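Tertiary structure, described
For reference, the chains in residue letters:
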Amino acid sequence: MAGPQQSDRERWEALVSQIEQARYEYYQQDTPRLSDAEYDELFVELRDLEQRFPELQRADSPTQTVGGARSDMFEPVEHLQRMMSLDNAFGLTEFRAWSTRVEKDLGHVPPMVCELKIDGLAVDLVYRHGRLTTLATRGDGRVGEDVTYNARFIPAIPTILSGAPDLVEVRGEVYFPVAEFAQLNEQMLELGRSPFANPRNAGAGTLRQRVDRRQAEIAEREAAGRKVSDKQRGDLERGVSALGRLRLIVHGLGEISGPRPHRLSQAYDDMQRWGLPVSPRIAVAETLDEVETYVKEFERKRHSLDHEIDGVVVKVDEIAVQQRLGSTSRAPRWAIAVKYPPEVVRTRLLDIAVNVGRTGRVTPFAVMTPVRVSGTTVSMATLHNAQEVRRKGVLIGDMVFLRKAGEIIPEVIGPVVEERTGTEREFVMPTVCPSCGTPLAPAKEGDVDIRCPNARGCPSQLRERLNHVGGRGAFDIEGLGWKSASALLDDGLVADEGDLFDLDAPALLRSSFFTRSGDELTENARVLLEQLELAKSRPLWRVLVALSIRHVGPTAAQALARELGSMDAIRAASEEQLASVEGVGPTIAGALHEWFAVDWHARIVEKWAAAGVRMADESAGRPGPLTGKTVVITGTLTTWSRDDLTERLQQLGARVTGSVSKKTDFLIAGDNAGSKYAKAEKLGVPILTEDRLGELGVEV
């Protein structure tokens, strides 16, 4: 095979330079400019280049070294045993390639320990005679930074062990719980600083504080009679407070006096018995299928955990087998990290535009260079309102951190301030509606949102409302989406949502969107007409949601339908009567009263009623077998859709809510039930699976 060309050597040099700079910013500055995904791409490219041309590889290449040199800000601590990094497998295909190599070396697949890869900071803890003597960062794997002083402010780190050997070196991960990380980033934005891209950087930045130096400086100033500024005290208080939020999970042993355990899983049992925090989600897998099941399970569950994870770590369980497999210069051959798709990436904020919603709310949104995150390509993300844009401190032209957790709407976390060039510019909220030209204003004094008051004639609001009518939470009309709603309005087939149920085949034939060859309806048009007919029999609460009344979502609509039973009764009720319905309250009651007072709103209801849309629930108010019971549904159902099951439970008299509390009578749990399941267990709420729905009177 031909050797590397000059272009290959130049690319190798460029990759090494970029990776080393990224490591410096990540490990020593705790302010990375690259996202984890960008770093991984560079590292994989370098690894592949060195595999093609081994002569390019050097002993100090990033593929052969552990990232993270020690900072001069802290005293050095030499680890008793070297701390290594982990090789990564990006998906199960690469994991299978690793497991094949292990099987080839051993002649069989050994039992493996599966554990979550917490997005935190690797640390080394040494206990002598049961007492913590040093807490250190990983550093370069041989020498780390002494941050022992800060351990006194971290209640989650045990300072005394019970029954441990005279000497024990423990490896672990210091991390921020999800809720604490979100609060910390809020504080960073308030201070005008770049937010932390991930909990690992937040943990590193917090643990690697010189609290002792800050305390000493304040004490010296006070002793000398000099003034201590509010900023100095505030920085110290924030630092100590942040340290108190950190948590620890241990995941390995280094040096230990006395006999070593024969299995890693046994070591975890020992560490837990000594009083160290061990993950309750560790599992020993006897087969590769069990490993893959574990990986897939926690990819589904990753957003229901109290801490961030970016994958699963798989380790050979038997210590003797680990020793037989050995290590490379940077990572053990007996362990691998199976990485999940990244959820935080960097991209360029090209512009900030605005969208006019169905209730007139004008919402800024980010227009970005398209980037792949969480398995999908994203080019837009909401920014909520002008106040949120200011709070996040983002400027048009910024490089920004973008987060997309699973199915959650993409969110701009904040700017990478260090990347600014001076060409960025501030976003200015428009003063007139970009759709109809009407002057914008808050709906009422003190509102952070501004709105277009032209609800009747604003094209954007009309299109959004019509699209919403067909949505899953409203009438759930297949064939009525954004494009078809736009065509109905643009071709003059409807003036507003009130005309929707009067549509027929001759009307749709007047639109090129719904026709084929000018005289034949498309399949989408036929489906739309069938679905419109079916939608007329939908329950009352769906009709209420479809009307786009501010604050009236499924929960409030279900409560109103259950208590009042008909559209006429809801329209006739006083504001006080509406507010007295459980789950409604004065804000929603006021919005309802205000909406029905508008003439053209009332005409929409009248048009729908004349077209045959169901305006009353005959069973409302009648006692059923579940009257007075509160039910919550969670997880993925197999024999029911969640909406259908909700409607059936309501027909039986139940109140279906979205959160578990002491008032919950039953939790119905499907597959991959998350935090609601755990909370129900904690509160002693009865939990039913789908095959037990008959106990509630629901036909299975």
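A quick note: this is a predicted structure, and the numbers were derived from the prediction, not measured.

This part takes up the overall build of the chain. From N to C terminus, the chain includes 23 helices and 24 strands. Its C-alpha atoms put the chain at 85 × 75 × 60 Å along the principal axes. Looking at the chain as a whole, 51% of its 700 residues qualify as buried. Accessible surface, the chain as shown: approximately 32,800 Å² in total, 49% of it carbon and sulfur. Across the chain, the 88 positively charged side chains and the 103 negatively charged ones have centroids separated by 3 Å.

As a further point, take the side chain of D119. Tracing the backbone through its elements, the reader meets D119 in the loop between β3 (112-118) and β4 (121-128). Buried D119, no salt bridge; nearest opposite-charge side chain is K117, N-O distance 6.2 Å.

A positive phi angle is found at D476, which is not glycine, with a value near 55°. Summarising the element assignment, D476 is placed in the loop between α12 (459-469) and α13 (482-490). Its relative accessible area of 34% is what places D476 among the partly exposed residues. A positive phi is found at S548, a non-glycine position, where the angle reads about 60°. Mapped onto the fold, S548 is located in the loop between α16 (540-546) and α17 (554-564).

Read across the open sheet, the four strands follow the order β5-β4-β7-β8; overall the sheet is antiparallel. Among the strands making up the open sheet, the edge pair consists of β5 (131-137) and β8 (247-256). Direction aside, the axes of adjacent strands within the sheet are offset by 25° on average. Bridging between β4 and strand β7 (residues 167-175) involves eight bridges; their strand directions are antiparallel. Looking across to β7, one finds that L125 is bridged to V170. The strands touched by helix α5 (residues 199-207) are β4, β5 and β7; relative to β4, the strand with the most contacts, the crossing angle is about 45°.

When the terminal C-alpha atoms of helix α9 (residues 288-301) are compared, their 20 Å separation across 14 residues agrees well with the 20 Å that a helix rising 1.5 Å per residue should span. Those residues of α9 not exposed but buried are V291, E292, Y294, V295 and F298. The arc that holds the buried residues of α9, viewed along the axis, is 155°, so those residues lie on one side. Buried residues belonging to α9 abut α3 (92-106), β3, β9 (283-285), β10 (309-316) and β11 (335-339).

Quick look at the confidence of the model for the chain now. Here the chain shows a mean pLDDT of 85. Residues at 70 or above account for 94%. Of all helices and strands in the chain, the one with the weakest mean pLDDT is helix α6 (residues 211-223) (73), whereas helix α21 (residues 599-610) scores best (95).

Here the focus is the packing of α12 against α13. Running from N to C, α12 and α13 cross one another at 130°; their axes reach a closest spacing of 9 Å. It follows that α12 is oblique to α13 by the angle criterion. Note that α12 runs across α13; the crossing there is right-handed. On the side of α12, the interface is formed by L462, R463, E464, L466 and N467, while α13 contributes W482, A485, S486, L488, L489 and D490. A per-class count over the contact of α12 with α13 returns six nonpolar, two polar and three charged.

Let's shift gears to the pairing of strand β13 (residues 362-373). Relative to β13, strand β12 (residues 344-356) runs antiparallel, the two sharing seven bridges. Directly across from I352, in β13, lies its bridge partner A366. Connecting the antiparallel pair β12 and β13 is a turn made up of five residues, with G360 showing a positive phi of about 90°. In this structure, β13 lies alongside strand β14 (residues 376-382), joined through six bridges in antiparallel fashion. When the sheet's bridge partners are listed, V367 is paired in β14 with M380.

Attention shifts here to empty space enclosed by the protein. The tally for this structure, following the rule as stated, stands at one cavity of 30 Å³ or more. Taken as a whole, the largest cavity holds about 40 Å³ of empty space. In terms of lining, the largest cavity is formed by T555, Q558, A559, R562, E582, G583, R655 and V656. Put simply, the parts of the chain that give the lining of the largest cavity at least two residues each are α17 and β22 (655-657). For the lining of the largest cavity, the element with the most residues is α17, which contributes four residues.

Let us now look at the environment of R526. Along the chain, R526 falls in helix α15 (residues 523-535). Filtering out sequence-adjacent residues up to four positions away, R526 remains in contact with E520 and L521.

The next point concerns the side chain of K392. Its location among the elements puts K392 in helix α11 (residues 386-392). When sequence neighbours within four positions are dropped, the list of residues in contact with K392 reads L189, L383, E411, V412, I413, G414 and P415.

The rules behind the values
- Along each chain, residues carry numbers from 1 onward, in the same order as the chain's sequence is written.
- Restriction of local features to residues with pLDDT of at least 70 applies here, the model being predicted, together with a cutoff of 80 or more for giving and counting side-chain atom pairs; totals for whole chains, interfaces and linings are based on all residues.
- Neither water nor hydrogens contribute to the side-chain values; these are computed over all heavy atoms in the structure.
- The helix count covers DSSP runs of H or I at least four residues long, the strand count covers runs of E at least two residues long, and both are numbered beginning at the N terminus.
- Burial status follows relative accessibility: with a 1.4 Å probe on protein chains alone, a residue under 20% of its type maximum counts as buried, one over 50% as exposed, and anything between as partly exposed.
- Computed with a 1.4 Å probe, the accessible areas rest on the Shrake-Rupley method; for each residue, only the protein chains presented here act as cover.
- Neither His nor the chain termini are counted; the positive set is Lys and Arg, and the negative set is Asp and Glu.
- Charged side chains are reduced to one point each, which is NZ for Lys, CZ for Arg, CG for Asp and CD for Glu.
- Every case where a carboxyl oxygen of Asp or Glu lies within 4 Å of a side-chain nitrogen of Lys or Arg is listed as a salt bridge.
- Two strands are counted as paired when DSSP detects at least two bridges linking them.
- Working convention: axes come from line fits to C-alpha atoms, limited for helices to the stretch in contact. Angles between N-to-C directions cover 0 to 180 degrees.
- Only heavy atoms enter the contact rule, under which two residues are in contact if any of them lie within 4.5 Å.
- By definition here, a helix of n residues has an expected span of 1.5 Å times n minus one.
- Within this analysis, the arc is defined by the directions that extend from the helix axis to the C-beta atoms.
- Per-residue confidence from the predictor is reported as pLDDT, a score between 0 and 100.
- Any angle between 65 and 115 degrees counts as roughly perpendicular, while under 35 counts as roughly parallel, over 145 as roughly antiparallel, and the rest as oblique.
- Whether a crossing is left-handed or right-handed is set by the direction in which the near helix is turned from the far one by less than a right angle, anticlockwise for left-handed and clockwise for right-handed.
- Nonpolar residues are Ala, Val, Leu, Ile, Met, Phe, Trp, Tyr, Cys and Pro. Charged residues are Asp, Glu, Lys and Arg, and all others, Gly as well, are polar.
- A cavity, in this analysis, means grid points on a 1 Å lattice covering only the protein atoms where a 1.4 Å probe fits yet has no way out; a pocket is instead an open set bounded by protein on both sides within 12 Å along at least five of seven lines, and a residue lines either one if it has an atom within 4 Å of a point.
- Grid points are joined across faces, edges and corners, and a volume is the space filled by probe spheres set on the points.

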